[in-house]
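# Topology and contacts: notes
Here's the letter readout for the chains.
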Amino acid sequence: MDKDLKSMTFPQLEGLVAGLGQKKYVAGYIFSFIHTRLISDISAITPLSKPFRSELVKQGYYISKLEVADKLSDPDGTIKYFFELPDNKRVEAVLLYDDGRATLCVSTQVGCAMNCVFCATGRLGLARNLTAGEIVDQVGLVVRDASCVARANCEIRNAHDARRITNVVFMGMGEPLANYEAALNAVRILNHPAGRKIGIRRITISTCGLPPGIERLADEDVSPRLAISLNAPTDAIRQKLMPITRKYPLDRLFEALKVYQRKTRNRVTFEYCLIKGVNDTVMHAKMLVKCLRPFMPASTRPRVARGGCNVNLIEYNPYESCALKPSAREAIERFAGVLRNSGFETTIRRKFGQTIKAACGQLGTSIK
Ligand code: SF4
């Protein structure tokens with residue numbers, strides 16, 4: 001078992017301290033010092049007795065630490081962070097402000113094995129999984145970088161709020177459900193009341209659609225929001241964009257989502273990146289309506305409806321050397337109109353961080 005205390009959930013820490021002869025509440029000191037005070041030296045957790053701190057170090061326990069290697073700011077307020085890992089590999093995270101929210105998009109892997117053709121990260125291949133500690137540290141370090149967070153265009157009222165990240169999306173580099181244990185433990189850690197206390201409905205796992213992971217998620221003790229990167233209404237189109245469709249066709253993906261919704265009654269978000277001439281016509285929109293019809297709630301009254309879905313339309317952000325082109329604004333509006341007229345809650349997502357290549361699908365462009 002990895003001995004990084006930052007990667008351990010609260011119950012895992014309780015088990016560890018109890019196994020070393022300490023009272024369980026001692027875990028609370030370790031957890032809060034690591035996740036709220038960002039301590040990375042066991043000797044600095046002063047509420048622990050000196051002999052116990054020494055014992056932890058002697059037994060090989062440690063607290064992992066990323067470094068902020070660089071950061072870039074876009075005029076729209078978006079900030080892209082480059083983190084250096086202990087093995088000198090790099091990952092990126094993006095902080096963006098919208099509608100009073102400060103949302104951090106974190107990475108879960110170094111690179112990605114899924115090879116989606118519209119995504120810069122997919123070109124890198126998979127180098128390795130991040131640990132839970134490395135995922136949550138992205139949040140901790142950005143919070144510490146409070147000067148970047150206090151922004152006029154975000155409805156942040158005071159210095160305390162300025163240091164808060166309101167939402168976390170697992171939508172950066174990597175496929176979270178392909179690094180399942182670490183991603184879920186990161187959710188538990190971020191959500192825990194003794195740590196960052198980020199509400200579970202403010203944490204989103206975004207996946208290219210791995211049915212076994214989706215079905216497993218349905219049985220977990222935590223229930224973050226789930227977003228599916230769909231991008232096509234048919235297997236034929238999706239296979240061209242997302243090779244994972246060969247292994248898991250849409251029928252299999254939708255079957256897993258139905259299991260997930262039956263058990264959790266959670267709403268699912270479908271992300272759909274519009275690419276010129278590939279998936280963006282009215283005909284494609286009508287096919288999408290047909291695909292997603294089974295996910296519409298029986299009642300559309302907000303307080304009654306459970307489950308259901310919404311659709312996020314994303315303007316494509318090509319990376320250098322990618323032949324795909326973004327759809328015209330009129331095509332996007334037409335596409336959204338078809339969905340809305342069919343009763344689907346549909347949002348056209350604003351483009352963020354274009355000058356710093358921080359938009360969806362552009363992470364990893366600086367990594368060779
Ligand atoms: S879109 Fe997501 S799953 Fe696909 S290659 Fe990029 S990071 Fe991986």
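Everything that follows concerns the structure shown earlier in this document.
Read on for an overview of the structure. Throughout, residues of each chain are indexed from 1 in the direction in which the sequence is written. Only residues with pLDDT of at least 70 are given local features in this predicted model, and only at 80 or more are side-chain atom pairs given and counted; all residues enter the totals for whole chains, interfaces and linings. Based on all heavy atoms of the structure, the side-chain values leave hydrogens and waters out of the count.

Once that is clear, we can look at the sheet that holds strand β9 (residues 225-229). Strands are treated as partners if at least two bridges between them are detected by DSSP. Note on conventions: DSSP H or I runs of at least 4 residues are helices, E runs of at least 2 residues are strands, and numbering of each starts at the N terminus. Spatially, ten strands are ordered β1-β2-β3-β4-β7-β8-β9-β10-β11-β12 in an open sheet, and the strand pairing comes out mixed. Whereas interior strands pair on both sides, the edge strands pair on one side only; in this sheet they are β1 (67-73) and β12 (345-349). On average, each strand axis in the sheet is inclined to that of its neighbour by 25°, with strand direction left out of account. As defined by bridge partners, strand β11 (residues 309-315) adjoins β12 across five bridges and the pair is classed as parallel. Only the contacting stretch of a helix is used when fitting its axis, a line to C-alpha atoms as for every element, and angles between N-to-C directions run 0 to 180 degrees.

So, about the pairing of β9. Burial runs high along β9: four of the five residues are buried. The sheet contact formed by strand β8 (residues 203-207) and β9 spans four bridges and is parallel. Residue Thr 207 lies in a different strand from β9, and its bridge partner there is Ile 228. Taken together, β8, helix α8 (residues 211-217) and β9 constitute a β-α-β crossover, and its handedness is right-handed. Where β9 lies against strand β10 (residues 268-274), four bridges are found, and the strand directions are parallel. Bridge assignment links Ile 228 to a residue of β10, and that residue is Phe 270. Partly exposed residues are those whose accessible area sits between 20% and 50% of the maximum for their type, while under 20% is buried and over 50% is exposed, using a 1.4 Å probe and protein chains only. Place the viewer so that the strands point away; then a crossover is right-handed whenever the path from the first strand over the helix to the second strand goes clockwise.

Working definition: residue near molecule or strand if any one of its non-hydrogen atoms lies within 4 Å of it. Around the ligand, a shell composed of Cys 112, Met 114, Asn 115, Cys 116, Phe 118, Cys 119, Gly 122, Gly 172, Gly 174 and Cys 208 is seen. Counted by class, the shell around the ligand contains six nonpolar, four polar and no charged residues. Only Asp, Glu, Lys and Arg are considered charged in this grouping, and only Ala, Val, Leu, Ile, Met, Phe, Trp, Tyr, Cys and Pro are considered nonpolar; every other residue, Gly among them, is considered polar.

We now examine helix α13 (residues 329-341). For a helix, the expected span equals 1.5 Å multiplied by the number of residues minus one. Taking 1.5 Å of rise per residue, the 13 residues of α13 would be expected to cover 18 Å, and the 18 Å separating its terminal C-alpha atoms lies within 8% of that figure. Among the residues of α13, those classed as buried are Ala 331, Ile 332, Phe 335, Ala 336, Val 338 and Leu 339. On an axial view of α13, the arc spanned by its buried residues comes to 155°, and they lie on one face. Seen from the open side of α13, the exposed residues pointing more than 90 degrees away from its buried face are Glu 330, Arg 334 and Asn 341. Any two residues whose heavy atoms approach within 4.5 Å are treated as being in contact. Elements in contact with the buried residues of α13: β10, α12 (282-292), β11 and β12. Positioned one or two residues after α13, Gly 343 has a phi angle of 95°, which is positive. Along the arc lie the directions from the helix axis toward the C-beta atoms.

Moving on: the packing of aromatic side chains. Centre distance and the angle of the planes are the two values used to describe a pair of aromatic rings. Pairing of aromatic rings covers Phe, Tyr and Trp, the last counted by its six-membered ring, and requires centre-to-centre distances within 6.5 Å; plane angles under 30 degrees mean stacked, over 60 mean edge-to-face, and any other angle means tilted. As enumerated under the stated definition, the model contains seven aromatic pairs in all. Consider the rings of Tyr 25 and Tyr 29, whose centres lie 6.2 Å apart with planes at 85°: the pair is edge-to-face. Note on Tyr 29: relative accessible area 34%, which makes it partly exposed. Through a chain of ring-to-ring contacts, three or more aromatic side chains come together here, namely Phe 254, Phe 270 and Phe 295.

This paragraph deals with the packing of helix α4 (residues 132-144) against helix α7 (residues 180-191). At their nearest, the axes of α4 and α7 sit 8 Å apart, and the two run at 45° to each other. Accordingly, the angle class assigned to the pair α4 and α7 is oblique. Crossing of α4 against α7: the hand is right-handed. Of the residues in α7, those in contact with Ala 132, Ile 135, Val 136 and Val 139 of α4 are Ala 182, Ala 183, Asn 185, Ala 186, Ile 189 and Leu 190. Note on terminology: angles under 35 degrees are roughly parallel, angles over 145 are roughly antiparallel, angles of 65 to 115 are roughly perpendicular, and the others are oblique. Left-handed is the label given to a crossing in which the near helix is rotated counterclockwise from the far helix by less than a right angle, and right-handed is the label when the rotation is clockwise.

The disulfide definition used here is simple: a pair of cysteine sulfur atoms within 2.5 Å. One pass over the full model with this rule turns up zero disulfides. Between Cys 322, a free cysteine, and Cys 273, which holds the nearest cysteine sulfur, the sulfur-to-sulfur gap is 9.6 Å. Residue classification places Cys 322 among the buried residues on the basis of a relative accessible area of 12%.

A few words on a positive patch on the surface. Together, Arg 101, Arg 164, Lys 197 and Arg 202 make up a positively charged patch on the protein surface. What makes Lys 197 exposed here is its relative accessible area of 55%. In this analysis, a patch consists of residues with relative accessible area above 30% that form no salt bridge, clustered at 9 Å for like charges and at 5 Å for the nonpolar side chains Val, Leu, Ile, Met, Phe, Trp and Tyr. Residue-level accessible areas treat just the shown protein chains as cover; the underlying method is Shrake-Rupley with a 1.4 Å probe. Think of a salt bridge as a Lys or Arg side-chain nitrogen and an Asp or Glu carboxyl oxygen that are within 4 Å of each other. The charge count includes Lys and Arg as positive and Asp and Glu as negative, but it does not include His or the ends of the chains. Taken as the charge location is NZ of Lys, CZ of Arg, CG of Asp or CD of Glu.

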